[in-house]
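Chain and residue survey
Spelled out, the chains give:
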Amino acid sequence: MINTIKINTTGVKNVLNFFKKFIPSSLPGAECPEVDKFRVYARSEHNISRSQISDNALKVLYRLQKEGYEAYLVGGCVRDLLLGREPKDFDVATNADPEQIRRVFRNCRIIGRRFRLAHVHFGREVIEVATFRGAAEQQNDKQMLNHEGRLLRDNVYGTIEEDVWRRDFTVNALYYNIRDFSVIDYVSGMDDHKAATLRLIGEPHTRFREDPVRMLRAVRFAVKLSFKLHPDCENAIPSTVHLLSSIPSARLYDEVLKLFLFGYALQSFEMLRHYGLFQILFPDTEKSLTRQESGFPRLLLLKALENSDNRIAEGKSVTAYFLFATFLWEPVRLLAQDKMNKGIAEFIAYQDAANEIINKQVKRTALPRHISLAMREVWSLQPRFTSRTGSKPSRLLSHPRFRAGFDFLMLRAETGGAELELAQWWQTYQQVDETEQRKMTQPSRKNPSSRSGRKRTYRKRTSSSATESKN
Ligand code: ATP
Ligand code: MG
């Protein structure tokens, strides 16, 4: 019965929408946000040109339109195109449901549980096609909130007018209409875009409660686009920040990668800490930072993030495991120190500390096995760098993870957590020929890595960092 009423309501809305499309965008009435609650920006009023849109996205849009469906570009691609940037990906919104989309495209797969989506594949490019989502009040077996108000499932389909309210920020809710190349704006997203402001659609606390990941998205977009958070959005964060801890760790891992591996890691880190979000993602790291705010753990992180951003700016690749290894190094080191103080041998202490810290971390952000293995390797190589005589250096050099281990050592040395002379020795060792390498590793040679020598090279020392020199 309820369903019948819903279907009828949607039908009426569809009829209204059909007529709305015939309101010319050049009419003054259509340009006013108060009239019909939306504004249409004609092609001449915005800077999005089809030449900036991927051919495959255009194919999808035209094909859906040809089959009689509505088809729009929406989300980050419209937002980025308006800024003259190349979008990361192209998202399409349509009134065709996933099955109908599948019938239109042979190269299509339906994915998602929380919200079913169609992925249309063109070689390596995937165009995501989503059916308009329905309104929040139509909660039933297809849409579910948990006791905290978090949206667990959201498979109610609707109209474009309903779809718009389900989106997070007004600048992410602009629809580029392939029919006449206009941009449809229901939420004054264009004004916010011009003002470089991230404003949540609807009541901010409710929207963050529905999906706490939106707080991370707010930070990511603010940093990436150089937009500011609207004060209402900003003010809602402190009371909802704790809800982030109930998000599945796999989803948080994905978000963390987007925050830290796309060239804005340093600013993301600062902003996440500013809003108290970082402590939810990396509780142990936060604890170690608070303990030594100005010391080298913080310097190590800042330098790692800066290096990572610089590499991306130079078109080089960055790896997730290296960044995670820097985030968790200090907690591992401190825990290992505790264990050594209790008489546990250094090697075992570090191994156990690594296991414990990783096991705790995966409860917040999942860490795929190949990532956690690589992190352990980078950490376990650190003590081995202190052996500079005999065959050990050449064996270490041929270790598959040597390069990352050495980069990590260099990072520690540059930020006061290891001796610079040791890192420089390894730098030279890699560059010279075999004869010279043999000379460098002569057992008789007075090795400058004696402990007294190393202690003097520390920039900053604390009781907890003292044994670091043994690594
Ligand atoms: P980018 O792809 O550049 O990271 P984006 O805005 O396109 O940014 P996507 O994750 O691709 O981000 O999502 C596409 C669109 O889907 C968003 O612009 C937004 O309209 C909507 N969306 C995505 N995630 C959420 C969310 N958690 N809550 C509400 N709307 C969302
Ligand atoms: Mg996107």
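What you see is a predicted model, and the numbers here were worked out from it, not measured in a lab.

The subject of this paragraph is the overall build of the protein. Summing up its helical and strand segments, the protein has 23 helices and twelve strands in all. Across the 471 residues of the protein, 52% fall into the buried class. Of all intrachain contacts in the protein linking residues separated by at least 6 positions in sequence, the fraction that spans at least 24 positions is 67%. Looking at the protein as shown, the accessible area adds up to about 22,200 Å², and 53% of this sits on carbon and sulfur atoms.

Moving on: the site of ligand 1. What surrounds ligand 1 is a group of 18 residues, the closest being K88, D211, R214, R220 and K224. Here an oxygen atom of ligand 1 and a backbone polar atom of G76 are 3.0 Å apart. The contact in question runs from a nitrogen atom of ligand 1 to an N or O atom on the side chain of D211, over 2.7 Å. Taken by itself ligand 1 offers 580 Å² of open surface, and the protein chains cover 87% of this. Those elements that provide at least two residues to the shell around ligand 1 are α4 (76–82) and α9 (213–225). Counting residues per element, the shell around ligand 1 draws most heavily on α9, at five residues. Its residues placed into classes, the shell around ligand 1 shows one nonpolar, three polar and 14 charged.

This paragraph deals with the confidence of the model for the protein. Put simply, the protein has an average pLDDT of 85, and 82% of its residues get 70 or more. Here residues 1–35 is modelled with pLDDT under 50, and outside its nearest four sequence neighbours on either side it reaches 31 contacts, counting other chains as well. Of the regions scoring below 50 in pLDDT, residues 449–471 engages in 53 contacts with residues more than four places distant in sequence or in other chains.

Take the pattern of salt bridges next. With the rule as written, the count across this model stands at 26 salt bridges. Where D192 meets R199, a salt bridge forms, and the shortest distance between an N and an O atom there is 2.8 Å. Close ionic contact of E255 with R220 constitutes a salt bridge, the shortest N to O distance being 4.0 Å. In this pair, E255 sits in helix α11 (residues 249–260) while R220 sits in helix α9, placing the two residues 35 residues apart along the sequence. What makes E255 buried here is its relative accessible area of 5%. The structure contains a network of salt bridges with shared partners spanning R79, D80 and K224.

Side chains that are nonpolar tend, in soluble globular proteins, to be buried together. One finds L229, L244, F260, L272, L277, M375 and W379 to be the most contacted residues of the largest nonpolar core, which totals 71 residues. With twelve residues, helix α16 (residues 320–341) is the single largest residue contributor to this core. When near neighbours in sequence (up to four residues on either side) are disregarded, L277 contacts M215, L216, V219, V241, L244 and L272. Membership of the second largest hydrophobic core comes to 32 residues, among which are I53, A71, I110 and Y176.

With burial as the criterion, each face of strand β10 (residues 182–185) is covered, one bearing S182 and I184 and the other bearing V183 and D185. Looking at chain direction, strand β1 (residues 39–41) and β10 are connected through three bridges and run antiparallel. Counterpart to V40 in the pairing with β10 is I184. As paired elements, strand β9 (residues 174–177) and β10 share four bridges and run antiparallel to each other.

Along the polypeptide, T285 turns up in helix α14 (residues 283–291). Along the chain, T285 and W329 lie 44 residues apart, while their C-alpha atoms are 8.3 Å from each other. If sequence neighbours within four positions are ignored, T285 has contacts with F278, L301, F327, L328 and P331.

In this structure, S188 takes a positive phi of about 55° despite not being glycine. Classification of S188 by relative accessible area gives partly exposed; the value is 26%. Unlike most non-glycine residues, A196 shows phi in positive territory, near 50°. Relative to the helices and strands, A196 is located in the loop between α7 (189–194) and β11 (197–198).

The grouping of I344, F347 and I348 at the surface amounts to a nonpolar patch, some 270 Å² of accessible area in total. Within the secondary structure, I344 is located in the loop between α16 and α17 (346–361).

This paragraph deals with the packing of aromatic side chains. Counted by the stated rule, this structure contains 23 aromatic pairs. Relative to F327, the ring of F324 has its centre 6.5 Å away and its plane inclined at 80°; by these criteria the two rings are edge-to-face. Of this pair, F324 and F327 both sit in helix α16, three residues apart, roughly one helical turn. An identical accessibility class is assigned to F324 and F327; each is buried. With 5.2 Å between their ring centres and 85° between their planes, F385 and W426 make a pair best called edge-to-face.

As a further point, take helix α10 (residues 231–240). Residue pairs three or four apart in sequence face the same way in an α-helix, which turns once every 3.6 residues. Taken together, the buried positions of α10 are occupied by C233, A236, I237 and T240. Along the long axis of α10, the arc covered by the buried residues comes to 120°, so they all point the same way. With respect to the buried face of α10, the exposed residues turned more than 90 degrees away are N235 and P238. Residues of α10 that are buried make contact with β11, α8 (204–210), α9 and β12 (228–229).

Our next topic: the sheet that holds strand β4 (residues 108–111). Taken in spatial order, the eight strands of this open sheet run β1-β10-β9-β2-β3-β6-β5-β4, and their pairing is mixed. The two strands at the open ends of the sheet, each matched to only one other strand, are β1 and β4. Across the sheet, the mean angle from the axis of one strand to that of its neighbour is 30°, orientation sign disregarded. Contacting β2 (71–74), β3 (91–94), β5 (117–122) and β6 (125–131), helix α3 (residues 55–66) crosses the sheet at an angle of about 35° to β6.

Scoring rules and cut-offs
Residues numbered from 1 in each chain as written. Chains lettered and ligands numbered in written order. Predicted model: local features only at pLDDT ≥ 70, side-chain atom pairs only at ≥ 80, totals over all residues. Heavy atoms only, no water. Helix = DSSP H or I, 4+ residues; strand = E, 2+ residues; numbered from the N terminus. Buried < 20%, exposed > 50% of the residue type's maximum accessible area, 1.4 Å probe, protein only. Contact = heavy atoms within 4.5 Å. Areas by Shrake-Rupley, 256 points an atom, 1.4 Å probe, with all protein chains shown as cover. Near = heavy atom within 4 Å. Polar contact = N/O pair within 3.5 Å; in protein donor to acceptor, adjacent residues only side chain to side chain. Nonpolar A, V, L, I, M, F, W, Y, C, P; charged D, E, K, R; others polar. pLDDT = per-residue confidence, 0-100. Salt bridge = Lys/Arg side-chain N within 4 Å of Asp/Glu carboxyl O. Core = buried A, V, L, I, M, F, W, Y, C linked by side-chain atoms within 4.5 Å. Pairing = 2+ DSSP bridges. Patch = residues over 30% accessible without salt bridge, like charges linked within 9 Å, V, L, I, M, F, W, Y side chains within 5 Å. Phe/Tyr/Trp six-rings, centres within 6.5 Å; stacked < 30°, edge-to-face > 60°. Arc of directions from axis to C-beta. Axes fitted to C-alpha atoms, helices over the stretch in contact; angles between N-to-C directions.

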